[in-house]
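# Close look at the chain arrangement
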Amino acid sequence: MTKHVLVATDGSDTAMKAVELAAEIAAKFEVPLTVAHAIHFGRPPEELARMAEVEHLVEGAKTRAPVDFPNVPDTMLGLFSDTRPEGDSMRLVTMIGEEIMERAADRARELGAKTIDTRSTVDDPAEGILSIAEDVGADMIVIGHRGLGRLKRVLLGSVAQKVLSQADCTVMAVR
Ligand SMILES: Nc1ncnc2c1ncn2[C@@H]1O[C@H](COP(=O)(O)OP(=O)(O)O)[C@@H](O)[C@H]1O
Ligand SMILES: [Mg+2]
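Predicted model, so just to flag it, every value in this text is computed and none were measured. (Residues numbered from 1 in each chain as written. Chains lettered and ligands numbered in written order. Predicted model: local features only at pLDDT ≥ 70, side-chain atom pairs only at ≥ 80, totals over all residues. Heavy atoms only, no water.)

### Here's the deal with the overall build of the chain
Each helix and strand counted, the chain has seven helices and five strands in total. Listed N to C, the secondary structure of the chain is β-α-β-α-α-α-α-β-α-β-α-β in terms of helices and strands. Here the chain holds 175 residues, and the buried ones make up 47% of them. The long-range fraction of contacts in the chain, counting pairs at least 24 apart against all pairs at least 6 apart in sequence, stands at 72%. Accessible surface, the chain as shown: approximately 9000 Å² in total, 51% of it carbon and sulfur. (Helix = DSSP H or I, 4+ residues; strand = E, 2+ residues; numbered from the N terminus. Buried < 20%, exposed > 50% of the residue type's maximum accessible area, 1.4 Å probe, protein only. Contact = heavy atoms within 4.5 Å. Areas by Shrake-Rupley, 256 points an atom, 1.4 Å probe, with all protein chains shown as cover.)

This is how it looks when you write it as structure tokens:
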């Protein structure tokens, strides 16, 4: 029987569908739900472009934590390619991750999930998801079949593929 559901989100629409299914399962079986997000710099260019489309995330993140960011690059592209670990970019990227997870958690709550926690990691996304799943004792991982990537000919994203092939527990890929 399912005891703990983990859902992985990169903030994409497909990941939100995964959040919705995971929340429904968690609500139905009355089990805890963990929302996981891997923060990663050096994203591929097409992913950066997609992030640029969700630039309002930055505004959301700034609203949740009203602090000044004097040294933040103007664009998502600049932001995610800025690798100075101590810089404002790192803080803001972390906050965007928080924003992505909070939105997922809010949606899951709306759908009736009762016990929700959020976990992020700075890691390779698949490795990060798998280690959080192990950490919280998740026995089901729900993931989107696609994410922010743009390679339409690819049927299954690389993160989804790696999680599917390496997880010890059940994995559901949502379309
Ligand atoms: N950084 C990330 N943090 C958490 N989950 C992620 C991350 N990147 C991808 N995922 C999960 O993997 C799914 C598939 O994404 P991915 O394999 O990266 O496909 P694509 O190549 O289309 O971006 C997403 O819907 C999401 O559930
Ligand atoms: Mg991706």
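### Quick word on the site of ligand 1
Around ligand 1, 22 residues are found, and the nearest of them are A8, R146, G147, G149 and V159. The backbone of T9 places a nitrogen or oxygen atom 3.4 Å from a nitrogen atom of ligand 1. At 3.3 Å, a backbone N or O of S158 approaches an oxygen atom of ligand 1. In isolation ligand 1 has 550 Å² of accessible area, and contact with the protein removes 96% of it. The set of elements that each furnish at least two residues to the shell around ligand 1 consists of β2 (33-39), α6 (125-136), β4 (140-144) and α7 (158-166). Here the residues of the shell around ligand 1 sort into ten nonpolar, nine polar and three charged. (Near = heavy atom within 4 Å. Polar contact = N/O pair within 3.5 Å; in protein donor to acceptor, adjacent residues only side chain to side chain. Nonpolar A, V, L, I, M, F, W, Y, C, P; charged D, E, K, R; others polar.)

All quantities given are derived from atomic positions and should not be read as evidence of function.
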